[in-house]
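Structural characterization, general
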Amino acid sequence: MRIDLHTHSRVSDGTDSPAELVAAAAASGLDVVAITDHDSTAGWSEALAVGPEHGVTVVSGIEISTEYAGRSVHLLGYLLDPTLPGLVAELEHVLAGRSARVPTIVSRLREIGIPITEEDVHEQSADAAATGRPHVADALVALGVVGHRDEAFDRYLSWGREAFVDRYNAPLEQTIRLIAEAGGVSVIAHPWGRSGRREPSEERLAELAAIGLSGLEVDHQDHSAQARDALRAIARNLGLVVTGSSDYHGTGKTGHPLGVNTTDPTELHRLLERAAAASAAAGRRTPVVELP
Ligand code: AMP
Ligand code: FE
Ligand code: FE
Ligand code: ZN
């Protein structure tokens, strides 16, 4: 069984529709794929509906933008009830913050001589729950200012660059609790990714496990072999589930093809057991997963 637990569609910053994403998962030989758009569950119904015709089990998930100890942490939530009011409000807050900074980003780019408009950006995010930096990057590609999304981030949009504008993130600990209240399970996405820092540390992760964190995404393209080994050891010590995934964004992110990293079936079973326990404890009806 080949399992990929972290992918994006056009509902956030991927380039496939949710149905195309599931078809692509089947074509890549995956048996199980989770749809985990940034801060939105809007792609779930379309993805779940086409799973059976492709022989793929779709797991409903989300990747929530949170903050912990002053740093950005991406938190994956699986099999949660997306109607929990506290969660809905928190996601709306994040999505509103993402979209609200677009005018500032656009005017910063215009100040440095790039003739981009808000309309150019919104053309790129027509199917998305919110307009983010990746859509600004796509607009810069369309205008011929840069060749690829990565280049737009490196030159203009990343932290410290001229057009970087900060936005709201949900508090991590509160979000772990909200996912549990919604009957779901939470896994930290690429915990030591990008920055290369070994933070959160094992001590911090132990505290997060104590308040309900269920797993760590160990096998991710942003982690070196050494980081993966160290995170696997921490997960073992803390009893956390180990996941692996592609973080596929369609053509929006190079080097992240579907199934490039996968999750061990035993680990998925552990995650599903914890999800069943969470939904029973929360008294919530959550999405059901039928494995092949
Ligand atoms: P936002 O939430 O609008 O700030 O956009 C953040 C998203 O942009 C992340 O979730 C990534 O998918 C994407 N991203 C961040 N850095 C890069 C990069 N250097 N190249 C391409 N995409 C990136
Ligand atoms: Fe993304
Ligand atoms: Fe992420
Ligand atoms: Zn992601």
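Residues numbered from 1 in each chain as written. Chains lettered and ligands numbered in written order. Predicted model: local features only at pLDDT ≥ 70, side-chain atom pairs only at ≥ 80, totals over all residues. Heavy atoms only, no water.

Counting its secondary structure elements, the protein chain contains 11 helices and 8 strands. On C-alpha atoms alone, the protein chain measures out to a radius of gyration of 18 Å, which is about the 19 Å that the 2.2 N^0.38 rule sets for 292 residues. A buried classification covers 53% of the 292 residues belonging to the protein chain. For the protein chain, the accessible area works out to roughly 12,200 Å², and carbon and sulfur atoms hold 48% of it. Each charge class in the protein chain can be summarised by its mean position, and for the 25 positive and 41 negative side chains these summaries are 5 Å apart. (Helix = DSSP H or I, 4+ residues; strand = E, 2+ residues; numbered from the N terminus. Rg over C-alpha atoms; globule rule 2.2 N^0.38 Å. Buried < 20%, exposed > 50% of the residue type's maximum accessible area, 1.4 Å probe, protein only. Areas by Shrake-Rupley, 256 points an atom, 1.4 Å probe, with all protein chains shown as cover. Lys, Arg positive; Asp, Glu negative; His and termini not counted. Charge placed at Lys NZ, Arg CZ, Asp CG, Glu CD.)

Moving on: the coordination of the iron ion (ligand 3). As a benchmark, a tetrahedral metal site with four donors has ideal angles of 109.5 degrees, while an octahedral site with six donors has ideal angles of 90 or 180 degrees. Looking at the iron ion (ligand 3), the protein donor atoms are Glu63 (OE), His74 (ND1) and His190 (NE2), and they sit 2.0 to 2.3 Å from it. In primary-sequence terms, the residues that donate to the iron ion (ligand 3) follow E-x10-H-x115-H. Here His190 falls in the buried class, since its relative accessible area comes to 15%. (Donors = N, O, S within 2.8 Å, 3.2 Å for Na, K, Ca; no water.)

Bringing the domain arrangement of the protein chain into the picture now. As far as domains go, the protein chain holds domain 1 (3-93 + 168-282) and domain 2 (102-157). The centre of domain 1, based on its C-alpha atoms, is set 26 Å off from the matching centre of domain 2. Contacts between the two partners involve 10 residues from domain 1, matched on the other side by 8 residues from domain 2. On the domain 1 side of the contact with domain 2, Arg10, Asp13 and Gly252 bury the most area, a combined 50% of that side's loss. Inspection of the domain 1/domain 2 interface yields 1 salt bridge. Taken together, the links from domain 1 to domain 2 amount to 4 residue pairs in polar contact (both at pLDDT 80 or more). Residue composition of the side of domain 1 that touches domain 2, by class: 1 nonpolar, 7 polar and 2 charged. (Domains from an automatic or database assignment. Contact = heavy atoms within 4.5 Å. Buried area = accessible area lost by both parts, 1.4 Å probe. Salt bridge = Lys/Arg side-chain N within 4 Å of Asp/Glu carboxyl O. Polar contact = N/O pair within 3.5 Å; in protein donor to acceptor, adjacent residues only side chain to side chain. Nonpolar A, V, L, I, M, F, W, Y, C, P; charged D, E, K, R; others polar.)

So, on to the nonpolar core. Counting residues in each nonpolar core, the largest one holds 40 residues, and the members touching the most others are Leu87, Ile188, Leu208, Leu213 and Leu216. With residues up to four places along the chain from it excluded, the contact list for Ile188 reads Val73, His74, Leu75, Leu205, Leu208, Leu213, Gly215, Leu216 and Glu217. (Core = buried A, V, L, I, M, F, W, Y, C linked by side-chain atoms within 4.5 Å.)

What follows concerns the site of ligand 1. Residues in contact with ligand 1 amount to 14 residues; listed here are only the nearest, Asp13, Arg98, Arg101, Arg133 and Arg167. Measuring from an oxygen atom of ligand 1, one finds a side-chain N or O atom of Arg101 at 2.5 Å. The separation between a nitrogen atom of ligand 1 and a polar side-chain atom of Asp150 is 2.8 Å. A total of 500 Å² of accessible area belongs to ligand 1 in isolation, and the protein chains cover 90% of it. Of the residues that constitute the shell around ligand 1, the class distribution is 2 nonpolar, 4 polar and 8 charged. Lining the shell around ligand 1 are residues from two domains, each supplying at least three of them: domain 1 (3-93 + 168-282) and domain 2 (102-157). (Near = heavy atom within 4 Å.)

This part takes up the packing of helix H9 (residues 202-210) against helix H10 (residues 225-238). Interhelical geometry of H9 versus H10 gives an angle of 40° and a closest axis separation of 11 Å. In terms of their interaxial angle, H9 and H10 are classed as oblique. The chirality of how H9 crosses H10 is right-handed. For the pair H9 and H10, the contacting residues are Glu202, Leu205 and Ala206 in the first and Ile234, Asn237 and Leu238 in the second. Of the residues in the contact of H9 with H10, the class split is 4 nonpolar, 1 polar and 1 charged. (Axes fitted to C-alpha atoms, helices over the stretch in contact; angles between N-to-C directions. Parallel < 35°, antiparallel > 145°, perpendicular 65-115°, else oblique. Left-handed = near helix turned anticlockwise from the far one by under 90°.)

Attention now moves to the coordination of the zinc ion (ligand 4). Within the protein, His6 (NE2), His8 (NE2), Glu63 (OE) and Asp247 (OD) serve as the donor atoms for the zinc ion (ligand 4), at 2.1 to 2.2 Å. Classification of the site at the zinc ion (ligand 4) as irregular follows from its 4 donor atoms and the range of 80 to 169° in their angles at the metal. Look at where the donors of the zinc ion (ligand 4) fall in the sequence and you get H-x1-H-x54-E-x183-D. The distance between the zinc ion (ligand 4) and the iron ion (ligand 2) comes to 4.7 Å. Taken together, the residues span a long stretch of sequence, with His6 in the loop between strand S1 (3-4) and helix H1 (18-27) and Glu63 in strand S3 (residues 57-68) at a distance of 57 residues. A residue is classified by how much of its surface remains accessible, and His6, at 0% relative accessible area, is buried. For Glu63, a relative accessible area of 1% puts it in the buried group. (Tetrahedral: all angles 85-135°; square planar, octahedral: opposite > 155°, others 65-115°.)

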